[in-house]
Amino acid sequence: MAIQRTLSIIKPDAVSKNCIGKIISRFEDNGLSVVASRFHKLSTCEAESFYSVHKERSFFRDLINFMISGPVFIQVLEGENAVQINRNIMGDTDPKKAKKGTIRADFADSIDANAVHGSDSEENAKNEIAFFFSEMEIHSHKL
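Counting restarts for each chain, with residues numbered from 1 along the sequence as it is written. A pLDDT threshold of at least 70 governs which residues receive local features in this predicted model, and a stricter bar of 80 or more applies before side-chain atom pairs are shown or counted, although totals over entire chains, interfaces and linings include all residues. Here the side-chain values reflect all heavy atoms present in the structure, with hydrogen atoms and water set aside.

1. A word on the pairing of strand S3 (residues 72-80)
Every regular strand shows the same layout, with side chains that alternate between the two sheet faces.
Part 1: Only protein chains enter the accessibility calculation, which uses a 1.4 Å probe. A residue is then buried if its area is under 20% of the maximum for its type, exposed if over 50%, and partly exposed in between. Starting at the N terminus, helices and strands are each numbered in turn, a helix being any DSSP run of H or I of at least four residues and a strand any DSSP run of E of at least two. Taking burial as the measure, the nine residues of S3 include eight buried ones, the bulk of the element.
Part 2: Pairing analysis gives eight bridges linking strand S1 (residues 3-10) to S3, with the strands arranged antiparallel. Across the sheet, the residue bridging to Thr6 is Leu77, located in S3.
Part 3: We call two strands paired when DSSP finds no fewer than two bridges between them. Note: strand S2 (residues 33-40) against S3, seven bridges, orientation antiparallel. Its bridge partner being in S3, Ala36 is matched across the sheet by Val76.

Set out below in structure tokens:
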């Protein structure tokens, strides 16, 4: 397997519940390294731009309002098969359907307040990482 990078956002609900360290531990325990990170309070413009792929969907405005409701913790994760490993660790978008032991099963409140965001493909990961981080801000261990 090739070393990949993926974007992870710990959303306002999980940040407000003080779950950042517990969530990061899940990534690290599964072979992923945090190679860039920061707290950030998304502006409406940033949230709309980042989630523009969902612009025509009925949940778009609720998603934007949720994502700007408090600070987020944004990170770049790196490791073998990072995109898929991160998706597995996060669990199903709906925490009621997420497997026991996944982040969303353990920390999410609802399908809307679902604790974390993760890139869904290697191509999207590259675009999402570039949205938040310059290459100079990423301190790779393995690439």
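Once you've had a look at it, read on.
2. As for the UniProt feature "binding site: ATP" (unreviewed entry) in the protein
Part 1: UniProt positions are given in the numbering used here, feature names are shortened, and annotations may be inferred rather than shown by experiment. Under the UniProt annotation, the feature "binding site: ATP" (unreviewed entry) is placed at Lys11, Phe59, Arg87, Thr93, Arg104 and Asn114. Of the residues named above, Lys11, Phe59, Arg87, Thr93, Arg104 and Asn114 line the largest pocket.
Part 2: Note that Thr93 resides in the loop between helix H5 (82-90) and helix H6 (103-107).
Part 3: When neighbours within four sequence positions are excluded, Thr93 is seen to be in contact with Arg104, Ser110, Ile111 and Asn114. Buriedness of a pocket was judged along seven lines, with at least five required to meet protein on both sides within 12 Å; pockets are open sets of points on a 1 Å grid over the protein atoms alone, cavities are sets where a 1.4 Å probe fits but cannot get out, and lining residues have an atom within 4 Å of a point. Contacts are residue-level and defined by heavy atoms, with any inter-residue pair within 4.5 Å sufficient.

3. Focus: the packing of aromatic side chains
Part 1: Two rings from Phe, Tyr or Trp (for Trp, the six-membered ring) form a pair when their centres are within 6.5 Å of each other. A pair whose planes differ by under 30 degrees is stacked, one over 60 is edge-to-face, and the rest are tilted. As enumerated under the stated definition, the model contains five aromatic pairs in all.
Part 2: Here the aromatic rings of Phe39 and Phe73 are separated by 5.2 Å at their centres, their planes lie at 70 degrees, and the arrangement is edge-to-face. Placement of Phe39 in strand S2 and of Phe73 in strand S3 is noted, with a sequence separation of 34 residues between them.
Part 3: For Phe73, a relative accessible area of 11% corresponds to the buried category.
Part 4: Considering the side-chain rings of Phe50 and Tyr51, the 4.9 Å spacing of their centres and the 90 degrees angle between planes classify their relative orientation as edge-to-face.

4. Some thoughts on the sheet that holds S2
Part 1: The sheet built from four strands is open, its strands ordered S2-S3-S1-S4 with antiparallel pairing. Every other strand in the sheet has two partners, leaving S2 and strand S4 (116-118) as the edge strands with one partner each. Direction aside, neighbouring strands of the sheet carry axes that sit 20 degrees apart on average.
Part 2: Every angle, taken between N-to-C directions, lies between 0 and 180 degrees, and every axis is a line fitted to C-alpha atoms, over only the stretch in contact when it is a helix. Sheet contacts for helix H2 (residues 20-29): S1, S2, S3 and S4; angle to S3, the most-contacted strand, approximately 10 degrees.

5. Overview of the UniProt feature "domain: Nucleoside diphosphate kinase-like" (unreviewed entry) in the protein
Part 1: If you check UniProt for "domain: Nucleoside diphosphate kinase-like" (unreviewed entry), the listed places come out as residues 3-140 in our numbering.
Part 2: Note that residues 3-140 is 40% helix and 20% strand, and that its end C-alpha atoms are spaced 10 Å apart.

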